[in-house]
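These are the residues of each chain, in order.
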Amino acid sequence: MLMKIVKNIVKYLLLIVLIIAIISIILLTNLSKTILNKNYILENFEKSNFYANMENEVIENFEKYILQSGLEETVIENIVSEQKIEEDVEGIINAIYDGTDYKIDTTTIETKLKENINNYLAEYKLTEENEKTISQFIKTIGNEYKILLDYTDYTSRINHIYNKIITIKNVIEPILITCIIVICIVLLIIEYKQIYNIISLFGIAMLSTGIFYIVCTYILKLNVKIENMQILNDSISKVIINIIQGIVDKINSMNIYIIVAGILFIIISNIIKSIKMKNTEDKE
Amino acid sequence: MRRNKLSYVVKATIRDMIVALLIMVLLIFTIDLFLGQEINSVFGILNTVAIKTENKEVVQNIQTTLNKEEKKIINYPEYGTQYATIEISKINVNLPVYYGDTLEILKKGVGHSSGSYFPGEGGSIIFMGHNSKNVFRRFSELKIGDEIKVTTTYGEYKYKIYDMQIVEEDESYKLPIKNDKEVLMVYTCYPFNNIGYTKQRFVVYSEIME
């Protein structure tokens, strides 16, 4: 009797550890496929129409300076292209994920701007002060572009955090997998005479995991309005919202399979158990 | 016999599902116990960047009105929102007027200095706009006697220009805020076609027409 109680306690403790391990593996797997995956991030930039939106955002910010400068808005036309933004954003993403060094080059923007200003002011007789002001204006526009795209401090900080996460993940993942394997072996040893109990335990573990994630995503949606997030600017906010929604949607769709598999495992193990019980009764 | 088997399977399945639910509840309770504060901090940080729209909608539904007897606004417009349009037919100006005077507002249209009165309140009103082509570039064409019309969400007000001055940016006393007479002062940067930062302002003074 005491042995049976101890066996059940050990079984359920192992079950809880198994559930924690499965929850963690699922989370790590989802993060690896999404936010820790450079290609996923770049795909989201494309899907969110980030480059075109960012181009508009950049031009709108340039207009701030135009209105005060006395120059016409035509001087900032065509100085920035969607391609240039895409090139620079990819460079920054590579810097974050691969740790490469990337510096945004604003030479083309400044050259085009200078050309536009010179064309606009062709009929004016410019003083030395005017030339100085124009030079300062061009430098300001170049700098504004860099600030909008890079937020320099963030790139190196994010790369540092990313590297830390990858290191932790590379340590935890094998531990979790080993843990799951060891628990399976121990459960096999404990229940070698009644294998269907192991199927039932796995079913319970999967069902618990599925319900856990449903509750977590519900609590997240209740406490945070993900769709209203505003980080840095509208274009970046849209990408981040899509990434977070993508992670939540991936987990939710995986949950359906986990819950269904869990319930099936439980039903199958109970059917096997009922057949075994019937056979035992018949023998008696 | 079959019914017994089925009933056993159903009962055992429900039992196992309840066990799964209980384990999940225990897990969440344990996480809340040990990491509850940290999780709340994370939600707090996320909420600083996630704007709740419910409050915004409530504010936008409140109508700005004027108590004509007391000459006082009831429910001032929210800062940054459009509450009027300004028309100067002489120079083909028809622009939105926003409450506030930030750079963001001036990019969109005409700003209303938050330290001044509102049309209809009987005091000094200050509007400002850039000297760009789409805003107040043609201010130089205005003459004394020209009319300015301001259409607000609570009424229409007409003003007649009686004076125009070029003031230095630090001569704020030339745009006095008073409550004895309704005067609309509209200003823009001067000279109109200057390159770079301008230190002067072109101010148009107008008084309300009865």
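Residues numbered from 1 in each chain as written. Chains lettered and ligands numbered in written order. Predicted model: local features only at pLDDT ≥ 70, side-chain atom pairs only at ≥ 80, totals over all residues. Heavy atoms only, no water.

## Concerning the overall build of chain B
Within chain B one finds 3 helices and 10 strands. Secondary structure of chain B in N-to-C order comes out as α-α-β-β-β-β-α-β-β-β-β-β-β. The buried share of chain B, reckoned over its 210 residues, is 39%. Intrachain contacts of chain B at a sequence separation of at least 6 include 55% that bridge at least 24 residues. A total accessible area of about 12200 Å² is found for chain B, and carbon and sulfur atoms account for 54% of it. (Helix = DSSP H or I, 4+ residues; strand = E, 2+ residues; numbered from the N terminus. Buried < 20%, exposed > 50% of the residue type's maximum accessible area, 1.4 Å probe, protein only. Contact = heavy atoms within 4.5 Å. Areas by Shrake-Rupley, 256 points an atom, 1.4 Å probe, with all protein chains shown as cover.)

## Quick word on the overall build of chain A
Along the backbone of chain A there are 9 helices and 0 strands. Scanning chain A from its N terminus toward the C terminus, one meets helices and strands in the order α-α-α-α-α-α-α-α-α. For chain A, the C-alpha radius of gyration of 30 Å lies well beyond 19 Å, the compact-globule estimate for 284 residues. In terms of its C-alpha atoms, chain A occupies a principal-axis envelope of roughly 115 × 30 × 25 Å. Taking all contacts inside chain A whose residues are at least 6 apart in sequence as the whole, residues at least 24 apart take part in 81%. Within the structure as shown, chain A displays about 15800 Å² of accessible surface, and the carbon and sulfur contribution to it stands at 60%. (Rg over C-alpha atoms; globule rule 2.2 N^0.38 Å.)

## Regarding the packing of aromatic side chains
The tally for this structure, following the rule as stated, stands at 14 aromatic pairs over all chains. Aromatic pair A:Phe212 and A:Tyr213: ring centres 5.7 Å apart, planes at 75°, arrangement edge-to-face. Each member of the pair A:Phe212 and A:Tyr213 is classed as buried. Through pairs of rings, three or more aromatic residues link up here, namely B:Tyr76, B:Tyr79, B:Tyr83, B:Tyr99 and B:Phe118. If you follow B:Lys181 out to its NZ or CZ, it ends over the ring of B:Tyr162, 5.8 Å from the centre. (Phe/Tyr/Trp six-rings, centres within 6.5 Å; stacked < 30°, edge-to-face > 60°. Lys NZ or Arg CZ within 6 Å of the ring centre and 35° of its normal.)

## A short note on the interface of chain B and chain A
In this assembly, 42 residues from chain B lie in contact with 45 residues from chain A. Note on chain B versus chain A: buried area summed over both sides is about 3900 Å², and carbon and sulfur give 70% of it. If you look at where chain B meets chain A, you find 0 salt bridges. Counting the contacts that link chain B with chain A gives 4 residue pairs in polar contact (both at pLDDT 80 or more). Put simply, the parts of the chain that give the side of chain B that touches chain A at least two residues each are helix H1 (2-49), helix H2 (53-61) and helix H3 (103-108) of chain B. Of the residues contributing to the side of chain B that touches chain A, the split by class is 23 nonpolar, 10 polar and 9 charged. (Buried area = accessible area lost by both parts, 1.4 Å probe. Salt bridge = Lys/Arg side-chain N within 4 Å of Asp/Glu carboxyl O. Polar contact = N/O pair within 3.5 Å; in protein donor to acceptor, adjacent residues only side chain to side chain. Nonpolar A, V, L, I, M, F, W, Y, C, P; charged D, E, K, R; others polar.)

## Examining the sheet that holds strand S7 (residues 147-152) of chain B
All names here are of chain B. Around the barrel, 8 strands lie side by side as S3-S4-S5-S6-S9-S10-S8-S7; this closed barrel has mixed pairing. Pairs of neighbouring strands in the sheet enclose a mean axial angle of 30°, with direction left out of account. With 5 bridges connecting them, strand S6 (residues 124-128) and strand S9 (residues 183-190) associate as parallel partners. Residue pairing in the sheet places Met128 in a bridge with Tyr187 of S9. (Pairing = 2+ DSSP bridges. Axes fitted to C-alpha atoms, helices over the stretch in contact; angles between N-to-C directions.)

## Here's the deal with the packing of helix H5 (residues 107-120) of chain A against helix H6 (residues 128-150) of chain A
Residues and elements named next belong to chain A. Axis separation between H5 and H6 bottoms out at 10 Å; the angle between their running directions is 140°. As H5 runs across H6, the sense of the crossing is right-handed. When H5 is examined against H6, the residues Ile109, Glu110, Leu113, Lys114 and Ile117 are found in contact with a partner set consisting of Ile134, Phe137, Ile138, Lys139, Ile141, Gly142 and Tyr145. The class makeup of the residues in the contact of H5 with H6 is 8 nonpolar, 1 polar and 3 charged. (Left-handed = near helix turned anticlockwise from the far one by under 90°.)

## With respect to the pairing of strand S3 (residues 82-88) of chain B
Residues and elements named next belong to chain B. As judged from the 6 bridges shared by S3 and strand S4 (residues 93-99), these two strands associate in the antiparallel manner. Across the sheet, residue Glu87 finds its bridge partner in S4, namely Asn94. The turn joining S3 and S4, which pair antiparallel and follow one another in sequence, is formed by 4 residues; a positive phi near 60° is taken by Asn92. Inspection of the sheet shows S3 paired to S7 by 4 bridges, in the antiparallel sense. Across the sheet, the residue bridging to Thr85 is Thr151, located in S7.

## Looking at the pattern of salt bridges
Close approach of charged atoms allows side chains of opposite charge to pair. All names here are of chain B. Scanning the entire structure with this criterion turns up 13 salt bridges over all chains. Residue Arg138 is joined to Glu141 by a salt bridge in which the shortest nitrogen-to-oxygen separation is 2.9 Å. Overall, the relative accessible area of 34% leaves Glu141 in the partly exposed class. Put simply, Glu87, Lys149 and Glu156 are held in one network by salt bridges that share partners.

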